[in-house]
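# Observations on chain architecture
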Amino acid sequence: MMKKIFFLSMIVLSLTTVSCSSIRGKLGSVGSKIGSMLGIGSKMAKTTGGEVTGVSGTPVSEPTPYGMVLVQRGSIKVGHEKSDSLWGTGAPSRDISVEAFWMDETEVSNAKYRQFVFWVRDSIIRERLADPAYGGDETYKITEDEYGEPIKPYLNWRKPIPWKKPSEDEQRAIESVYITNPITGEKMLDASQMNYRYEIYDYTQAALRKNRLNPEERNRNTDIPVNYDAVVTISKDTAYVDDDGGIIRETINRPLSGPYDFLNTYIVNVYPDTTCWVNDFPNANNETYMQLYFSHPNYDNHPVVGVSWEQANAFCAWRTEYLLAGMGPQAKWIQRYRLPSEAEWEFAARGKEGNRFPWEQDDTKSDAGCYYANYKPDEGNYTKDGSLITSRCGIFSANTNGLYDMAGNVAEWTSTVYTEAGVLQMSDINPDLQYRAAKEDPYSLKKKTTRGGSWKDPAKYIQGATRSYEYQNESRSFVGFRCVRSYAGTDRKK
Ligand SMILES: [Ca+2]
Ligand SMILES: [Ca+2]
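Described below are features of the structure shown in this document. (Residues numbered from 1 in each chain as written. Chains lettered and ligands numbered in written order. Predicted model: local features only at pLDDT ≥ 70, side-chain atom pairs only at ≥ 80, totals over all residues. Heavy atoms only, no water.)

Once that is clear, we can look at helix 5 (residues 168–175). Buried within helix 5 are the following residues: Glu 170, Ala 173 and Ile 174. Mapping the buried residues of helix 5 onto a view down its axis gives an arc of 95°, with all of them on the same face. As for helix 5, its buried residues are in contact with helix 4 (110–129) and strand 7 (178–180). (Buried < 20%, exposed > 50% of the residue type's maximum accessible area, 1.4 Å probe, protein only. Helix = DSSP H or I, 4+ residues; strand = E, 2+ residues; numbered from the N terminus. Arc of directions from axis to C-beta. Contact = heavy atoms within 4.5 Å.)

This brings us to the sheet that holds strand 4 (residues 101–104). One open sheet holds the four strands; their spatial order is 1-4-18-13, and the pairing between them is antiparallel. Since the sheet does not close on itself, it has two edges, and those belong to strand 1 (68–71) and strand 13 (337–338), each with one partner. Examined bridge by bridge, strand 4 and strand 18 (residues 484–486) share three bridges and lie antiparallel to one another. Each bridged residue has a counterpart across the sheet, and for Met 103 the counterpart in strand 18 is Val 484. Against the sheet, helix 10 (residues 342–350) contacts strand 1, strand 4, strand 13 and strand 18, and its axis sits at roughly 75° relative to strand 4. (Pairing = 2+ DSSP bridges. Axes fitted to C-alpha atoms, helices over the stretch in contact; angles between N-to-C directions.)

A word on the coordination of the calcium ion (ligand 2). In this structure, Glu 107 (OE), Asp 405 (O), Gly 408 (O), Val 410 (O) and Glu 412 (OE) serve as the protein donors to the calcium ion (ligand 2), at separations of 2.3 to 2.6 Å. Linear spacing of the donor residues for the calcium ion (ligand 2) on their chain is E-x297-D-x2-G-x1-V-x1-E. Taken together, the positions of Glu 107 in the loop between strand 4 and helix 4 and Val 410 in the loop between helix 10 and strand 14 (411–417) put the pair 303 residues apart, joining distant regions of the chain. Given the relative accessible area of 0%, Val 410 is considered buried. (Donors = N, O, S within 2.8 Å, 3.2 Å for Na, K, Ca; no water.)

Let's shift gears to the coordination of the calcium ion (ligand 1). The protein atoms donating to the calcium ion (ligand 1) are Asn 374 (OD1), Tyr 375 (O), Tyr 382 (O), Asp 385 (OD), Asp 385 (OD) and Ser 387 (O), with metal-donor distances spanning 2.4 to 2.6 Å. The coordination sphere of the calcium ion (ligand 1) comprises six donor atoms, whose angles at the metal cover 50 to 161°; the geometry is irregular. Positions of the donor residues of the calcium ion (ligand 1), expressed as sequence spacing, correspond to N-Y-x6-Y-x2-D-x1-S. Accessibility expressed as a relative area gives 22% for Tyr 382, which makes it partly exposed. Look at Ser 387 and you get buried, because its relative accessible area is 9%. (Tetrahedral: all angles 85-135°; square planar, octahedral: opposite > 155°, others 65-115°.)

Our focus in this paragraph is the nonpolar core. Ranked by size, the top nonpolar core spans 56 residues in total, and within it Tyr 113, Phe 116, Tyr 196 and Phe 481 carry the most contacts. Within the residue set of this core, elements represented by two or more residues are strand 1, helix 4, helix 5, strand 9 (195–201), strand 12 (263–269), helix 7 (276–279), helix 9 (309–325) and strand 14. The greatest single-element share of this core, amounting to eight residues, is contributed by helix 4. Each residue touching Phe 116, except ones within four places of it in the same chain, is listed here: Tyr 196, Val 270, Gln 311, Ala 314, Phe 315 and Trp 318. (Core = buried A, V, L, I, M, F, W, Y, C linked by side-chain atoms within 4.5 Å.)

Take the environment of Leu 292 next. Topologically, Leu 292 is positioned in helix 8 (residues 287–292). Taking the C-alpha atoms as reference points, Leu 292 and Thr 274, 18 residues apart in sequence, are found 8.7 Å from one another.

Here Tyr 382 is to be found in the loop between helix 10 and strand 14. Considered as a pair, Tyr 382 and Trp 455 are 73 residues apart in the sequence and their alpha carbons are 7.4 Å apart. In this structure, Tyr 382 is in contact with Tyr 375, Lys 376, Pro 377, Ser 387, Leu 388, Trp 455 and Lys 456, ignoring residues within four places of it in sequence.

Looking now at the sheet that holds strand 16 (residues 467–471). In space, the four strands of this open sheet follow the order 16-15-14-17, with mixed pairing throughout. Two strands lie at the open edges of the sheet, namely strand 16 and strand 17 (479–480), each paired on one side alone. Here strand 14 runs beside strand 17; their pairing, made up of two bridges, is parallel. The partner of Ala 411 across the bridge, within strand 17, is Val 479. The sheet contacts of helix 10 involve strand 14, strand 15 (447–451) and strand 16, and relative to strand 14 the element is tilted by about 140°.

Here it is, written out as structure tokens:
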């Protein structure tokens, strides 16, 4: 027995001398040596039985999502580490680590966001085509299974909308989502109808011990008697459309009664606020942007703007729904699209090198005078980098993670609540701070962090660690977003 202990300690000693990268291989062979020495092995387990050898699943490799890159997990010192007189940005910094995630290579473009708006439009039209008030063609909405049994109704996306030769009823259903501008006579999409409804199950709240249905599970301290009469109050978001077509959003506080208490429902009008161009810049003639930016094909590949944090979240939910609708059984491993947390965003922008900008140099242009990003050089010389407002997504070089426009172009929504201390006050593993603000909450509780600065900001504000915020229902001509998706795996090489 002494011999065995001596042998094992020798192994540990020898391990301390090998390099980190080879530990895994060494351990593997050491493990099997010990295994054979002690008579343990899969063969032995089979014949002797009784040994725990583990139940393995079949490895599933997640295909790269369209337009996304994998940001490998890693650590970064968040915040402005260097204090210097040029930037005046010295502030506390902190080491944090984040798990790997997929991230959109570029900001979400007008074209991609328009796909969302058109999907919402088409879902409304399909709903109406199936409605008896518009002829009631039941093939647009499936309400029973192949055996004639009633099922949860869903829209039939396989049947095309008869855009070209509609019947009279179909024509009315299609026309119902358009309005005619009373001044110009132009037929246009009725933006006020473009409402998207989605549900999000709050796994984190449901997992918290204090929220358990069984009072005995709420506290593990056996010194504290279980209070079977304790009422756990749950806050749940819900929404409905009133008789006038208005969206009513409510946060219900009620005693916990079941799993549905963690299901939050949202209805969001998804049409971008095109008037942001005028409202953001008093005493400027931005009427053309208001009329063309979201609709004109020339802006297709520019980042969408005028979308609130609430609309960006709705886009993420729709993108998930759209993806899962086209997937098979592997869908159960797919994590939902979401906004990046503030920490993920900074890690992705600055890379493992923790650069000040998404590029290596501390300057925003090369020695030859070529700019690295779209922002506001000097004091109001917007066009010096080639663009007056936004530029097409991805025209400057990507950072080492393969991500474009992580500085400038449009600032980007994150999932994280804006607080003064930000990431410094959160966990150091996958830090995030989320808050579902109720409608009646003070406006100051509705701040969400934005990152990266934009086409209207000077160089100081497009640094990777610079933080800013907007209110979650505010829509700006200089704020857009990109999505992320948690990576369903543990290690993957590029
Ligand atoms: Ca510019
Ligand atoms: Ca950006």
